[in-house]
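Survey of secondary and tertiary structure
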Amino acid sequence: PSHPPSMTDPVDSSSDVLIAGSSDTLVAGGRHIVPEGVAVEELDGGKKKLSEHCPPELQKLLAAKDLVPVYDAMVTAICEAGKTRNLFGAWRDGEFVAILDMFRDRFAEKGVRVALCRRKSGSGTKRWLEFIDVEKVAERGGYVPQFDVANFSGQVIKTMYTKLEFPNGVAAEQIKEWGGRKKLKEAIPVEVVKMMTAHDLMPEYEALVAALIAVGNGTMTNWDIEKLVATVNDHRPGFEAKGVAVFVCHKQEYVSHGQYGGHNEMYRWIEFVDRALQPNYAPQRDAQVKGEKCCIM
């Protein structure tokens, strides 16, 4: 492309920033890793940046695949469309995806898949484009962009400051703060039921739930994250043998009470991942990686 290379944005220094390998790419302020074979263009500068700057790795991919004219035409269509940005300057995903759809086949003819991705957190919403070299990622076992807005299932977990979204192939079950053990035992999310049934995992699921309830002797009102992680680790092999990965996740948010101080609000949930549909999915807030010892009171 004729656009000059863009400058690399500084990486957020907060505690949940990840460390990427030499051939990987960090996006979303350092909170998500995209593997080799995927070129990224972050949408953090509006139409002006999109039209004037193209990341070096993306330039290489486009040139190698003879896709520069297609990319330029797509960018022009996005920038000239009047409804891809709202009154506050944020991208409108539906309108953006509609334009991507017009160019998907032309990219696919040259072995490249394009996805608009969105990740929400308490610090804001990050969007980026992924240009996936299908042949290259196939050599690494396949790749599915887990924040692809076109592949979100509609499952969400709402926290005080954000809304976590999950793709098809991931079933999430929240461990509620109050009455969590009763709800975990009696109210199974529809997506979890579908996945457990499809993989003949209902016996393993019921055994896991019983073990989690036993962690607090069935009566306590707080969850010990280390015990939750250890319990899931004990039961993980049974799920993995049938193609499903299991993760314990948690998120902590500080809720201010103004002049009266504040408190920490804790959110806990379990993610069940169908590896046939999500081969590279990484849990959004992995409790085991974070290694924090927290309890929900």
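Everything here concerns the structure above.
Structural notes, computed from the coordinates. (Residues numbered from 1 in each chain as written. Predicted model: local features only at pLDDT ≥ 70, side-chain atom pairs only at ≥ 80, totals over all residues. Heavy atoms only, no water.)

**Observations regarding the sheet that holds strand β9 (residues 244–256)**
- Across the sheet, 3 strands lie side by side as β8-β10-β9; this open sheet has antiparallel pairing. What marks the edges here is a single partner per strand, and that holds for β8 (170–175) and β9. On average, each strand axis in the sheet is tilted by 25° relative to the strand beside it, whichever way the strands run.
- In the sheet, β9 pairs with strand β10 (residues 262–274) via 13 bridges, with the strands oriented antiparallel. Across the sheet, the residue bridging to Val-244 is Asp-274, located in β10. (Pairing = 2+ DSSP bridges. Helix = DSSP H or I, 4+ residues; strand = E, 2+ residues; numbered from the N terminus. Axes fitted to C-alpha atoms, helices over the stretch in contact; angles between N-to-C directions.)

**What about the sheet that holds strand β4 (residues 112–121)?**
- A sheet is described by the order of its strands in space; here 3 strands give the open sequence β3-β5-β4, paired in antiparallel fashion. Because the sheet does not close on itself, it has two edges, and the strands there are β3 (38–42) and β4. When strand polarity is set aside, the average angle formed by the axes of neighbouring strands in this sheet is 25°.
- Taken together, the 5 bridges between β3 and strand β5 (residues 124–133) define a ladder with antiparallel strand orientation. Its bridge partner being in β5, Glu-42 is matched across the sheet by Trp-128.
- Set on the sheet, helix α2 (residues 56–64) makes contact with β3 and β5; between it and β3 the angle comes to about 130°. (Contact = heavy atoms within 4.5 Å.)

**Notes on the packing of aromatic side chains**
- All chains considered together, the criterion is met by 6 aromatic pairs.
- Judged by centre distance (5.1 Å) and plane angle (85°), the rings of Trp-91 and Phe-96 are edge-to-face. Here Trp-91 and Phe-96 have matching classes, each one buried.
- Measuring from centroid to centroid gives 5.8 Å for Phe-239 and Phe-272, while their planes differ by 40°, and the two rings are tilted. A residue pair is termed long-range when its members are at least 10 positions apart, and Phe-239 in helix α9 (residues 225–240) and Phe-272 in strand β10 qualify at 33 residues.
- Taking the relative accessible area as the measure of exposure, Phe-239 reaches 1% and is therefore buried.
- Looking at Phe-272, the relative accessible area reads 0%, which means it is buried.
- Three or more aromatic residues link up through ring pairs in this structure, and these residues are Tyr-71, Phe-107 and Phe-131. (Phe/Tyr/Trp six-rings, centres within 6.5 Å; stacked < 30°, edge-to-face > 60°. Buried < 20%, exposed > 50% of the residue type's maximum accessible area, 1.4 Å probe, protein only.)

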